Every structure is written in C-alpha cells, then in structure tokens.
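Read off the chains here:
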Amino acid sequence: MSKTDSLQGSLDLLVLKILSRRPGLHGYAIMTAIKDRSGDVLRAEEGSLYPALHRMEEAGWIRARWITKENGRRSRIYDLTAAGTKQLDAEESRWQEVISAVDRVLRTV
Amino acid sequence: MSLWSRIANVFRNDCLSGEIDEELQSHIEEAVTHGRDPVEARRAFGSPLRQREASRDVKLAVWLDSLRADAVFGWRQLMKRKVTSAAAILSLALAIGACTAAFRLIDAMLWRPLPVSHPERLYVLAQAGIGPGGNWRISESSEYPLFRQLRAAVKDQAELLAISYSSRTDLTYGPDEEMEKAWRQYVSGWMFDSFGLKPAAGRLFTEIDDLTPGAHPVAVLSYDYWTRRFNKNPKAIGRTVRIDSTLYEIVGVAPEGFTGTEPGVGIDIFVPTMMNPYVTRSDASWFRPFVQLKPGVAAQPVLERLRVPFQANQEERSKDFKGRSRSVIANFLHQKLILEPAGSGTSDMQKDYRSALAALGVLVALVLLIACANVANLMMAQAAARAREMALRVSIGAGRWRLVQLVLVESAMLAVLAALVGGWFAWWAAPFVAGRIRPANDPAHLYLPADWRVLAFGLALTLCVTCLFGLAPALRASSVEPAGTLKGGDDPHSRRRTMHSLIALQVAFCFVVLFLAGLFVATSGRLSHQSTGFSSERLLTLDAVAARPQRQALWQQVADRLRAAPGVETVAISAWPLLSGNGSNGFIMLNGVPVNDTLAYFLGVSPGWLDTMRIPFVDGRDFRANDTSPNAAIVNQAFARTYFNGADPVGKWFERPQGTAFARYRIVGLVRDARYRNMREPITPTAYVPLAQSDPKMDPASETFIVRTASANPLALAQFLRRELPRARREFRVSNIRTQQELVEQQTIRERLLAMLGYFFAGVALLLAGIGLYGVLDYSVLQRRREIGIRMAIGAQAGQIARSVTADAFLMVLAGALAGLALGESLARYIASLLYQVKPGDAAMLVYPACLILAAALVAAVPAVIRAVRIDPIATLRQE
C-alpha cells in the first residue's frame, strides 16, 4: 500500500487537531506536522491539502490570515475557530467509533 | 457567511486567483528552504492551473460564477451589435411597458381588493331580472325600509351595510359664495367597524351615529381629502361643513387608502345614511346594500334567508303600482336576489370599462407576442452566425445545458433591460390613460401604486418574455452537431422554416390588432358623427341652485337678467341639460290604460328652450308663459311613433302615473327627435313639459340655464355669468358650468379613448411586424447569396430572383392574415357591447387591415429584393 494519501477521509481531523495544538501554521507546516507526527506513515499531498484547507475555511472551521515573514514574503496561516473546535470534537468521536468498530470486526471474524 | 462569501468571491475573481497562487508559491518556497528540490517540489503540486481551479471551485459558488461569465459574455455580444440590440430592447420595452400599464389599470379598476378586513367575505346584494325598460339588468339599488328588514333577517349570519352611490355635491365651510365641490357618500354608521377601519384622526361613525332620520349631522373625511383640503391639519376636526341646508360637524378622518367602495371614485366626505332625505321612503332606491358574511358562513343560505322578506316587500310594493301593464308588474315580481362578490368594490365605472379594459388587455398581449416573435427571429438569425462558436464550445466539452444557459442569459439581459425601460413607460402611461377615462375637469380616481403587485407582475412578465423569445433559439443553439457545423454543412432551411412560421404568427397577431383597432376607430367615428338633433354650438349650460324651492317666475327673472348681458344671444331654462346623464321617465297612458311597456322620458323646459336648442317644430306651438305642468306638453316624433302609431298627436291628451294619481297632459306641439339620454340607444320617446308647476309644492330648487353666446368660445363668458347670477337674485348661485359640446363629447369618451389606443397599438403592431419581415427577408437573402449568384450566373432575370426571394415570405404573410382573420372574428364576439353600428363581419372592416399589412409587407420586402438583385454573381462565387 502506498504511503501517499492513505488518510482515508481523516485529513480534516488531522488538520483540525494539529491546528488546535499549534495555532497559526501555514500549509507547508501543517503538511510537515502530519508527516512528522505520524512517524512518516501519513502524508498529505499538496493536491489534496490546499483544497481541503480552503473548503474548511469556507465551512468556517478555520480562519486564514496573511502574515509577512522576515524576508518580506507573505504567508497564509490558519487558526481554529469556535466552530472548528466543535467540529474537531465531532470528528474525533466519529473516528473513535470507526476505530473501535473496525477493531470489533477484526477480533470477531 | 459561507454562501455570501462564495457569492462575493464571484465578483472578486482575479483577486481570488491571485491569493491562491500566492499561497501555493509560498508553499513551494517553504519546501525549497527546507531542502527540497525545487523541481520536485513544483512537480508534487501537479498542474498549478488545476490546483487553482480546485481551490477556486471550493471558494466560490460555481453556478453563479458561470452565470457571471455568461452575463459578461452576453453583454459583450449585445454591445457588439448596438443597433439591433437597441431595436430589440426598445420594441420589447414598449410591449412590456404597455402590458404593465394595462395591468395597472385593470388591477386598479377591477381586481385590487378594498383595503378592508376580509374583502373576500364582502358581497353586494343585487336584483337580477327584466327592468321596466324591457331589458335584462342587474340592479344594485335598494330602498331603506326594506334594507332594515333584510338586515334583521340575517343578523346572525351576516352584517348588512348601506352605502350610497357617490355624488359630487356642493358644500361650504363658510358662506354660500365659497361653495366648493366634493364627493359625498352616505354610509351605514357601522360600516367602519365592520370593515375593521381605524381613524387616522378623531373618531369614525358607530352604530349610534345612524339611528334616527335627520338626527346625526356628523361627517368623516377621507384621508386623501383631509390632506388635499386641510393639509392634514388636526384642527379640521370639529369644524362644520354645510351640505345642502344641513350643517355637519366633522368628527374624524378615515384611514389612509380607504376612499369608499367605488373604484374610479375617491370619496371625500362620508355622512350617515340617516341624513339622506329618502331614508324613510320605500319608493326611493338610492344606495347599494353590501353583505359582509360572518366567519364560516356560506353565501347561499344567507341569500335564501334574504329572499323571504324581499319577496314579501316586492308583493307589497306592486300593489301600489298604477298605470303599469301586467307584464311590467310580472317582471317586477320575478326579480331575483343575487349576491355579487364585491371584494374589489363595485362602481358604474367598473361596469362601463370592464370589457373595454379586457379589449385593451388583448391588444397589449398581442403586441407583446409580436415583439417577442420579432426578437426571437433576431436571436435566431444571430444564432446562425454563431453556429460555429457553439459547435466549438460543444467540441471542447461544454454541456448542452451550459449552452442553453449561455443563450438564455443573453435573452434575460435583453428582457431585463427592456423591462426597465418598459417600467418607466408604464409609470408614465398608466396615469396618462387613466386621465382620459373621465373628462379632464372631473378625473377618475384610480389608485395606481408601484407596489409588490405591479412588481410581481412585471417580474413574471419578464420571465415569460425571456422564455418566449429565448427558449427556441437556446434549444436550437444547444443542439448543434459540432462535426457538421464546423465543416460548414449546417442545414439552413430548418432555421428559415422556423423564422417563416414566426412571421406567419406575427402577421396573424398584427391582423387581429389592426382589425380590433379598426372596429374601435369606426365605432368612435360613427358615434361622434351621430346627429344629436340639436345644436350645441356656442352653448353654455349653467346648473344653478336656489337656497330653497323657487317659483318659475323668479327663475325667469334671472334668465331675463342673463339675457341682457353682453355677449349673450339667447337664454332658456330646462330642468337639466340634455345628455347630462340625468333623466326622468314613466309609462304613458291613454284614457286610463297603459299604451305599451315602453318608457317615455320627460324634461321640464321653459318657453323658448326648443328654439335655443335649435330643435325644430313639426307641428303645433311652443309653451307660453301661462302653460303649466301638468297640463301642456310638447312631444318628439319618437313619442308620436311609439304611442300614437305615427299620427300627429297635437291636440290629443295623455296621462302619466304620478304617485297614486295621474297627471294629464295636452299635447300642444310636435318637434323633431333629439338625443336626451345617450348617443347609443335609439332616440327615446320624449315629452317636454313646462317648468312652471301647477302645484307650488313641486317648485324646483335647481334648474339649468342654457345660454347661447355670441362668441365662438362660450367658456369666455363663464366667469362673468357665474358672478352675474347672484347679482340677479341673491338666493341663486351657479353650481356647475359646462359647455353643451363637453356633455356631448362626454358620451363618447370611452370610445374615443379606445380609438386612440387602437391607433397607437395598430401603428406599433404594424411597425414591429414590418421590421420582423424585413429582418427575415434580409437574412434569407444573405444566406442564399451563393444560390442567387449561381442562378444569376446561369441567366435568371431580376424579376425571377425577386420572386424566389419573397415568395415564401409572402405565402407566410397570406397564411398569417387568414389565421388572423379567423382569430379576429372569434374575438370580436366578445367586444360586441363596445361597438356601435359596426359589424365585425363587414367587408370594409376586413379589407383595410389586409391592405395595410400587404402594404407594410411590400415596403419591408424592398430592401431585401434590392440587395438580392444587386448581388454580383462573379464576386459571390469567387468568395466561396
């Protein structure tokens, strides 16, 4: 199985979780965070990460703003909103349900 | 936020794309800083364009974005062809504007609910049957003693309201010299409560303001009148106003918007029914009884309950009838009570104009259809020019629906622009026409707001129009076959067939418009040229009133004084002017027996009146100063025909029932026929009787001085005569001055209005149909230039070319005209009541629209034919 895009619909959950721990990350930092924290197992592709970020922004779960870095370049960083915190809770508990359901299946069959 | 920001993002598209690009760029830079290979980092992103599109689609409403793109593209298309676009927009605007204006008028007159609570529960109680005149009629009038019984009979199921006919009356807030005019209505005291109306100031009537005859001199002003006359001054409440000889106290102002129950008339002042002098009389019908059903009550059972006391009352009243034939009495007893819905009010103007407004509606709808067909043809021709563009769009992956949307958006833009211009036109046109429903000095009062009803209508109309002219071209555009079209092998004939059938449709509608307009113009012409039997040249009518009934000798004194004034030729007096709408009628008896069921009309006149009116004598003599009524009478020829079999009646006697007795008259003169009531009906049998009464109790308090002036403009004397009258005798004054010509013209005002509208719409329809035909012919020549070139190259003559170019179109014109003829004939049946001495089947009525259309078609064909025969075969063939 390829490492890429093995997130199986959990990309939103990971992005929200990471932003809840470390607010104010830009896209690249989020991508690296997913890679590092998962011990190189999970990887968010640029091609899916940015549309996901923009989708969540439109949904109002995260908020984006532009900051200017020391080198004068602008960078777009993201923060969790109140709605995003709620969404994170929901996604987390849904994930737990899925995990335990999969577990049950693995144990009984 | 989400939807809004997505919609907002549509309109900051460039900015959005820039931001997305910048973010992705910064990502790549970050990656490179962290040691990634720049090429690899960029490759990881895949196509930047796809990235951007994916993110953009998330960030904005895709459907709206495509609409925006289509709108921008459509606008460019419209601007590219400024002249044709402007022509399309203007013709549509005219049609949409006319439709909206017609809707405003029809709505104001017939449909708009009264501003009362539960207008849907409001009915007017009417009697249907054969009236004393011998024709079927629905009478809404009632008498008060009967009304009381009826009200008591259904008091648990419904409330009955007496609301009088509006009347334009003289009133004054000061001395007699400051008399002014206002619309007055007698209403039941409980009307305001039943209608759920709250006062704008002061208080409104209640039941206790309407208990005892003559005992409640209180008045309520309408909001409109309060604004106009008192500038909304609260001090108006408590003031007194004198109407006739009664002093009323103003107690309040009705709420804004409520101006009585008669569409077309704005009531100024309401007074209780008990103040009407006829309130105790069972032989005087002077108001409309309204029925307001209580919640949950059906109309039919209420009607059944009302029938019993009504029938008993009719029986009782018929016992007193003297001098009426048995059939007239039988008809009276057979009158049936009916309930007519009155949620939109009821008025004479409503009845007069119902079919005229329907005809107007048909005219504007037809003009709209013609305009739509025109624009559809235009779009169709343009679609042909754009067939390659469409084919290209399909081949690079545009969906069918996307193409339909593209063309529809363009159509909608045309329609919306047209609706805006049309709205402006309607804003101006509706009051313009409304101002011509009644004479200029007494205009109709129509509520013509631009509210949600009008806006909703305009919106619905615009949508309909978009679909009408846009859908066919849109579907056609979407069904292109890219392979064939791009190769240039489109089938031109199918498109031409559609355009030709649209031409046939246009001509058919145009024919109907011309035909109907012709009927109206002919009717108006016939009515205007109808002889009145008298001369209204330089004739002024002065309606005069006296403080109390006055002997005829005093009226004569005033007439003598007026006669001596400079610029006055002759002066005579009558009870009221001819053709003023007033009339008094009765059955004629010979030797105590009714002759027949025809009603005769009576008019009191002074000696010399017939001479002043220039109604010539056939036999006998004029009245003398000592002739009185009853006693002497002068009759017209219709009278002699109806009651004396055409024999000379001079010297004979007749009787007229008057109350419970008979009045006897000796005929002293026979005069030629003159119009008394109106211009349409056959001239009524008329008896002129002396104004001088043999019974002093019958002396009148109002008469009309008929003044023939020396100057061509009789109104020049009006102010002088108005001042002169009180100088002659202090207790007399002028209430109203009109020229006799004005009264004659008033009789045909509706017909002249219809004729004017007919001319206008006929012109518009003809113009539009002509432009349409021109466009189609021009297009077909353009398309067939190759073929024409070949024909010319092998020796075809100019005549043959012209024939081949126009033959199809003229066949369509012919087919359209025939269809229009059939349609027109079937429509004409419904407007028969508006016509006068004009038969829809008359050859002349059919020939002239046909000729006009043919002429327009010929003119429209000329440029195309010239273009066709001027085609240079060599140049054309070399081009290909």
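Model, not experiment: these values are computed from the prediction.

### Remarks on the interface of chain B and chain A
For an interface, size is often stated in terms of accessible area lost upon the parts coming together.
Part 1 of the reasoning: In this complex, chain B contributes 24 residues to the contact, which on the side of chain A involves 21 residues.
Part 2 of the reasoning: Between chain B and chain A, roughly 2,000 Å² of surface is buried when both sides are summed, and carbon and sulfur atoms account for 50% of that area.
Part 3 of the reasoning: Linking Glu29 of chain B and Arg73 of chain A is a salt bridge whose minimum nitrogen-to-oxygen distance equals 3.3 Å.
Part 4 of the reasoning: Mapped by element, the contributors of at least two residues to the side of chain B that touches chain A are α1 (2-10), α2 (13-33), α3 (38-45) and α4 (48-59) of chain B.
Part 5 of the reasoning: Here the side of chain B that touches chain A gets 10 residues from one element, more than from any other, and that element is α2 of chain B.
Part 6 of the reasoning: Of the residues assigned to the side of chain B that touches chain A, the class counts are 8 nonpolar, 8 polar and 8 charged.

### Quick look at the packing of aromatic side chains
All names here are of chain B.
Part 1 of the reasoning: Applying the stated criterion to the full structure yields 28 aromatic pairs over all chains.
Part 2 of the reasoning: Seen in terms of ring centroids, Phe103 and Phe457 are 4.1 Å apart; in terms of plane orientation they differ by 5 degrees. Their pairing is stacked. Placement of the pair is Phe103 in helix α6 (residues 82-111) and Phe457 in helix α15 (residues 452-478), with a sequence separation of 354 residues.
Part 3 of the reasoning: Owing to a relative accessible area of 24%, Phe457 belongs among the partly exposed residues under this scheme.
Part 4 of the reasoning: Ring plane angle 25 degrees and centroid distance 5.8 Å describe the contact between Phe258 and Phe270, whose orientation is recorded as stacked. Pair noted here: Phe258 is in the loop between β9 (246-253) and β10 (269-272) and Phe270 is in strand β10, with a separation of 12 residues, a long-range link. The residues Phe258 and Phe270 share a single accessibility class, namely buried.
Part 5 of the reasoning: Taken together through their ring pairs, the aromatic side chains of Phe602, Phe639, Tyr643, Phe644, Phe654 and Tyr665 make up a single cluster.
Part 6 of the reasoning: We note Arg393 situated over the ring of Phe73; from NZ or CZ to the ring centre the distance is 4.8 Å.

### Re the domain arrangement of chain B
Part 1 of the reasoning: Here the domain parsing of chain B yields domain 1 (2-60), domain 2 (62-112 + 349-490), domain 3 (119-348) and domain 4 (539-744).
Part 2 of the reasoning: Here domain 1 of chain B and domain 3 of chain B have C-alpha centroids that lie 76 Å from each other.

### Things to note about the nonpolar core
Residues and elements named next belong to chain B.
Part 1 of the reasoning: Formed by 117 residues in total, the largest nonpolar core has its most connected members in Tyr353, Val465, Phe469, Leu519 and Phe761.
Part 2 of the reasoning: In contact with Leu519, not counting residues within four places along its chain, are Ala828, Ile831, Leu835, Val838, Lys839, Pro840 and Met845.
Part 3 of the reasoning: Among the nonpolar cores identified, the runner-up in size contains 68 residues, and Val187, Ala201, Ile267 and Val302 belong to it.

### With respect to the sheet that holds strand β1 (residues 25-26) of chain A
All names here are of chain A.
Part 1 of the reasoning: What the 3 strands build is an open sheet, ordered β1-β3-β2; its pairing is antiparallel. Both outer strands of the open sheet, β1 and β2 (62-68), are each paired with one neighbouring strand and no more.
Part 2 of the reasoning: Sheet topology note: the β1/strand β3 (residues 74-80) ladder contains 2 bridges and is antiparallel. Counterpart to Leu25 in the pairing with β3 is Tyr78.
Part 3 of the reasoning: Packing against the sheet, helix α3 (residues 46-59) makes contact with β2 and β3, and its axis sits at approximately 55 degrees to β3.

### Quick notes on unusual backbone geometry
Residues and elements named next belong to chain B.
Part 1 of the reasoning: Along the chain, Ser629 connects to Pro630 via a cis peptide bond; the corresponding omega equals -10 degrees.
Part 2 of the reasoning: Within the secondary structure, Pro630 sits in the loop between β19 (617-620) and β20 (632-636).
Part 3 of the reasoning: With a phi close to 55 degrees, His118 is a non-glycine residue in the positive phi region.
Part 4 of the reasoning: Residue position: His118 is located in the loop between α6 and β1 (122-130).
Part 5 of the reasoning: Exposure remark for His118: the relative accessible area of 39% places this residue in the partly exposed category.
Part 6 of the reasoning: Positive phi values are uncommon outside glycine, yet Gln837 reaches one of about 55 degrees.

Conventions and cut-offs
- Residues numbered from 1 in each chain as written.
- Chains lettered and ligands numbered in written order.
- Predicted model: local features only at pLDDT ≥ 70, side-chain atom pairs only at ≥ 80, totals over all residues.
- Heavy atoms only, no water.
- Contact = heavy atoms within 4.5 Å.
- Buried area = accessible area lost by both parts, 1.4 Å probe.
- Salt bridge = Lys/Arg side-chain N within 4 Å of Asp/Glu carboxyl O.
- Helix = DSSP H or I, 4+ residues; strand = E, 2+ residues; numbered from the N terminus.
- Nonpolar A, V, L, I, M, F, W, Y, C, P; charged D, E, K, R; others polar.
- Phe/Tyr/Trp six-rings, centres within 6.5 Å; stacked < 30°, edge-to-face > 60°.
- Buried < 20%, exposed > 50% of the residue type's maximum accessible area, 1.4 Å probe, protein only.
- Lys NZ or Arg CZ within 6 Å of the ring centre and 35° of its normal.
- Domains from an automatic or database assignment.
- Core = buried A, V, L, I, M, F, W, Y, C linked by side-chain atoms within 4.5 Å.
- Pairing = 2+ DSSP bridges.
- Axes fitted to C-alpha atoms, helices over the stretch in contact; angles between N-to-C directions.

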